[in-house]
Amino acid sequence: MSDKMHQPSTDYIAIDTETYYDSECSVSELGSHAYTKHPNFQTLLISAATPDGSVICEPPETFPWEILKGRKIVAHNAGFDRAVLRATPGCPKIPEDAWIDTSGMCAYNQLPRSLKGACAALFDCKVSKDVRDRMKGRTLEDLSQNERAEFVQYAKEDANYALRIYKELLPKTPQHEMDLMILAMNQGEYGVRIDRQALELGIDSLVEARRDLIEQLPWFPDMSPGSKKGLERACEDLGIPAPSSTKKDAPELKIWMENYPSGVDLIKRLQYHRKVDRTLKFLRKIEGRLTPEKILPFEVKYYGSEITGRFSGAGRLNMLNLPKAPVEGVDIRGLIIPRAGHKLAVIDLSNIEVRTGAMLVGDTKMLKSIQEGVDVYEAHARASMGWNGGDLKAEDPATRDLAKVRVLALGFQQGSKRLAEGKGLGLKRAEQIVREFRRTNPKITARWRDLEVGLKHNHAPGTRDYVNTLPSGRELRYHNVKREQIKAKLQCTASPTKGGDGRREAYYGGRLYENECQALARDIFCHGLLAVQRAGIRVLFTVHDELVAEVPSEDAEATLQQIIKLMTTPPLWAEDLPLGAEGHLCLEYTKI
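Definitions and limits used
- Residues numbered from 1 in each chain as written.
- Predicted model: local features only at pLDDT ≥ 70, side-chain atom pairs only at ≥ 80, totals over all residues.
- Heavy atoms only, no water.
- Helix = DSSP H or I, 4+ residues; strand = E, 2+ residues; numbered from the N terminus.
- Rg over C-alpha atoms; globule rule 2.2 N^0.38 Å.
- Buried < 20%, exposed > 50% of the residue type's maximum accessible area, 1.4 Å probe, protein only.
- Contact = heavy atoms within 4.5 Å.
- Areas by Shrake-Rupley, 256 points an atom, 1.4 Å probe, with all protein chains shown as cover.
- Lys, Arg positive; Asp, Glu negative; His and termini not counted.
- Charge placed at Lys NZ, Arg CZ, Asp CG, Glu CD.
- Patch = residues over 30% accessible without salt bridge, like charges linked within 9 Å, V, L, I, M, F, W, Y side chains within 5 Å.
- Salt bridge = Lys/Arg side-chain N within 4 Å of Asp/Glu carboxyl O.
- Pairing = 2+ DSSP bridges.
- Polar contact = N/O pair within 3.5 Å; in protein donor to acceptor, adjacent residues only side chain to side chain.
- Core = buried A, V, L, I, M, F, W, Y, C linked by side-chain atoms within 4.5 Å.
- 1 Å grid on protein atoms, 1.4 Å probe; cavity = no way out; pocket = protein on both sides within 12 Å on 5 of 7 lines; lining within 4 Å.
- Points joined across faces, edges and corners; volume = space filled by probe spheres on them.
- Nonpolar A, V, L, I, M, F, W, Y, C, P; charged D, E, K, R; others polar.
- Axes fitted to C-alpha atoms, helices over the stretch in contact; angles between N-to-C directions.
- Phe/Tyr/Trp six-rings, centres within 6.5 Å; stacked < 30°, edge-to-face > 60°.
- Lys NZ or Arg CZ within 6 Å of the ring centre and 35° of its normal.
- Parallel < 35°, antiparallel > 145°, perpendicular 65-115°, else oblique.
- Left-handed = near helix turned anticlockwise from the far one by under 90°.

A. Just the overall build of the protein, in detail. Helix and strand counts for the protein come out as 22 helices and 18 strands. Against the 2.2 N^0.38 benchmark of 25 Å for 592 residues, the protein shows a C-alpha radius of gyration of 26 Å, consistent with a compact globule. Within the span of the protein, comprising 592 residues, buried residues form 51% of the whole. Partitioning the contacts of the protein with sequence separation of at least 6, the portion at a separation of at least 24 is 66%. For the protein, the exposed area adds up to about 28300 Å²; of that, 48% sits on carbon and sulfur atoms. Treating the 84 positive side-chain charges of the protein as one cloud and the 82 negative ones as another, the clouds have centres 5 Å apart.

B. Examining a negative patch on the surface more closely. On the surface, a cluster of negative charge is made up of Asp204, Glu208, Asp212, Glu215 and Glu328. Residue position: glutamate 328 is located in the loop between strand E9 (312-314) and strand E10 (336-337). Judged by relative accessible area, glutamate 328 falls into the partly exposed class, the value being 38%.

C. Spatial organisation of the pairing of strand E17 (residues 546-552). Counting buried positions over the seven residues of E17 gives six, a clear majority of the element. Note that strand E11 (residues 342-349) and E17 share seven bridges and pair antiparallel. In the strand pairing of E17, aspartate 348 is matched with glutamate 546. With five bridges joining them, strand E16 (residues 538-543) and E17 adopt antiparallel strand pairing. Residue pairing in the sheet places valine 539 in a bridge with alanine 549 of E17.

D. Broad picture of the environment of asparagine 318. Structurally, asparagine 318 is set in the loop between E9 and E10. Residue classification places asparagine 318 among the partly exposed residues on the basis of a relative accessible area of 29%. Discounting residues that sit within four places of it in the chain, asparagine 318 has contacts with Phe282 and Gly313. In this structure the side chain of asparagine 318 is engaged in a polar contact, spanning 3.4 Å, whose partner is the backbone nitrogen of glycine 313. Polar side-chain contacts of asparagine 318 include one of 3.4 Å to the backbone nitrogen of asparagine 321.

E. Just the pairing of strand E3 (residues 55-58), in detail. Across four bridges, strand E2 (residues 43-49) lies against E3 in antiparallel orientation. When the bridges of E3 are listed, alanine 49 appears paired with valine 55. Counted between consecutive antiparallel strands, the loop separating E2 from E3 contains five residues, among which glycine 53 sits at a positive phi close to 100 degrees.

F. Just the nonpolar core, in detail. Counting residues in each nonpolar core, the largest one holds 122 residues, and the members touching the most others are Met319, Leu547 and Ile563. Excluding anything up to four places from it in sequence, methionine 319 contacts Val192, Phe282, Leu296, Phe298, Ile336 and Phe541. Core analysis: the second largest hydrophobic core is formed by 18 residues, Tyr20, Phe41, Leu140 and Ala155 among them.

G. Expanded view of empty space enclosed by the protein. The tally for this structure, following the rule as stated, stands at two cavities of 30 Å³ or more. One number sums up the size of the largest cavity: a volume of about 190 Å³. Contributing to the lining of the largest cavity are 18 residues, with Val354, Gly357, Val407, Ile444 and Tyr513 lying nearest its centre. Elements supplying a minimum of two residues to the lining of the largest cavity: helix H13 (352-361), helix H17 (397-408) and helix H21 (509-534). Sorting elements by how many residues they give to the lining of the largest cavity places H13 first, with five residues. Here the lining of the second largest cavity gets three residues from one element, more than from any other, and that element is H21. When its residues are assigned to classes, the lining of the second largest cavity shows four nonpolar, two polar and two charged.

H. Spatial organisation of the sheet that holds strand E1 (residues 12-19). The sheet built from five strands is open, its strands ordered E3-E2-E1-E4-E5 with mixed pairing. The open sheet has two edge strands with one neighbour each: E3 and strand E5 (99-101). When strand polarity is set aside, the average angle formed by the axes of neighbouring strands in this sheet is 25 degrees.

I. Molecular detail of the packing of aromatic side chains. Under the counting rule described, the total for this entry stands at 13 aromatic pairs. Plain terms: the ring middles of tyrosine 12 and tyrosine 166 are 4.8 Å apart, the flat faces sit at 65 degrees to each other, and that makes the pair edge-to-face. Taken as a pair, tyrosine 12 in strand E1 and tyrosine 166 in helix H7 (residues 145-169) lie far apart in primary sequence, 154 residues in all. Assigned by exposure class, tyrosine 12 and tyrosine 166 land together as buried. Here the aromatic cluster, defined as three or more aromatic residues joined through ring pairs, consists of Tyr108, Tyr302, Tyr303 and Phe311. Lying across the ring of phenylalanine 123, arginine 164 places its NZ or CZ 3.9 Å from the centre. The positively charged end of arginine 339 is found above the aromatic ring belonging to tyrosine 190, 3.8 Å away from the centroid.

J. Molecular detail of the layout of surface pockets. Taken as a whole, the second largest pocket spans an internal volume of roughly 880 Å³. As for the second largest pocket, its lining consists of 30 residues, and the residues nearest its centre are Lys324, Asp348, Glu353, Leu408 and Asp545. Sorting the residues of the lining of the second largest pocket by element identifies E11, H13, H17, H21 and E16 as the ones contributing at least two each.

K. Seen up close, the pattern of salt bridges. Within this structure, the stated rule accounts for 32 salt bridges. Between arginine 132 and glutamate 18 there is a salt bridge, with the nearest N and O atoms lying 3.4 Å from each other. Of the two residues, arginine 132 is situated in helix H6 (residues 130-133) and glutamate 18 in strand E1; the sequence distance between them amounts to 114 residues. Neither residue differs from the other here; arginine 132 and glutamate 18 are each classed as buried. Between arginine 134 and glutamate 150 there is a salt bridge, with the nearest N and O atoms lying 3.1 Å from each other. One end of the pair, arginine 134, is in the loop between H6 and H7; the other, glutamate 150, is in helix H7, and 16 residues separate them in sequence. Judged by its relative accessible area of 43%, arginine 134 is partly exposed. Each of Glu177, Arg474, Arg522 and Asp523 takes part in salt bridges that share partners, so that together they form one network.

L. Local environment of the packing of H21 against helix H22 (residues 556-567). Where H21 contacts H22, the two axes come as close as 8 Å, and the packing angle between them is 140 degrees. Here H22 runs oblique to H21, going by the angle between their axes. Along this stretch, H21 crosses H22, giving a crossing that reads as right-handed. Between H21, through Phe525, Gly528, Leu529, Ala531 and Val532, and H22, the contact on the second element is made entirely by Ile563, Leu566 and Met567. Along the lines of polarity and charge, the residues of the contact of H21 with H22 split into seven nonpolar, one polar and no charged.

The structure is reproduced here in structure tokens:
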């Protein structure tokens, strides 16, 4: 974006914490907060690297805590280290805004998040985690003198690597993105209040439902509910072959169900059992992580989406992707309630990706209609579908539904086959709709072509990287572009991160356009998000283009309107973009 980069200073220190872990006391299983509350948790070592090159490493009892006071604290995965230090006796209080997360800086710059991956990509050096792996179930007292020296050196190196990454990426990371990293940490640490009684009732209900569903599976109790052999035997009894996949959206399962209707009921029972079981496990995770005050801390991954930069859930408890519909009457969203004396304010930016898409292709006619208050899908219908009537939603809902499909799917180059499958259309009708959309939206199709040409031919000097710079100033980088044969078709592939796990994905004009629409929507949303946070309003979490805040009951309505105003005030680099939002107040979390 257009604001200045984070300004360098010598008043910082990089740290690394090393902690005890075993199979049960594990941050990957429990999340940072519950991990530090586990009875086996222990801080083993703290290392600190300063700008002058000195590095120290000590157990908490002998660590010189005064060197942290008044300084910025740099850490790789700062949310974890922050939780560890808060649980470590002797550590002074460190302000929330003092933390700098180098894993977040890596993510913003489309580098691997892990320290090992980041160092390989940035410095071409190998970082071994063997020492850490050997510490499972061990404390300092369990180590020989040589093992302890090796462990101390390992911790020192991690602090030094964090320092090097900070110095390397500081000039490339804007201040507002650093602020977003802290905001993401604060959201998870503050947590949400849970209706404990409703949670317990939900667990009881799901336990009973799961028991009933298991008993309906013909191979139980001889074999487990998820037994592949059990399913094969049940299908054999029906005189049909077992499906190769039982995943709900698997194309091969759809074909199987069409060919073998006698097995449909069996598969649906199995799928529903999985859904109930998955929901029950989620509720039990919530139960296991609740504080005595009925607060659920959770983790938010800043820049969780490698290209678009949107936040995502983490810590094996994804609070940013909760089920939309109740399961057996249990609504997970409804378990989230405000703290005493507060209400929840839920605000959603209206059709933001449609608006950013129009902005990117210069569709001034559509933007003008939206500015005048016309429904975005009606605006599309008027611009390219020949609609000249009145309120489209009221007068011709079928045409509005088609307009919605055109905007949200065909706009990103969805083909006729997928359209036909997704909407239950005949292939000829789907082909006609796709042709008509592309004929009447030349600016969008031209954007597809321009982006694909850029991907194939316009690479950053000395690299095979394609860089798409957004109006916000953020760069979307596609690393090491190649043309590869995939399913008998020559396609362009690239890696969303530099180095990393070597994963490559296929890209084409429509997908690149979708990426930039979503990424720009994210930047606009985050601009409003920071404005809300700076106004002193407590944001609990965000879900794509939705913000959930906790506001005092006495002025809840006024605060709701304030949030809407802040969220619909565009940044200077998009000052002519018409934004809209809707919101409501509630005593339990519900979607708009």
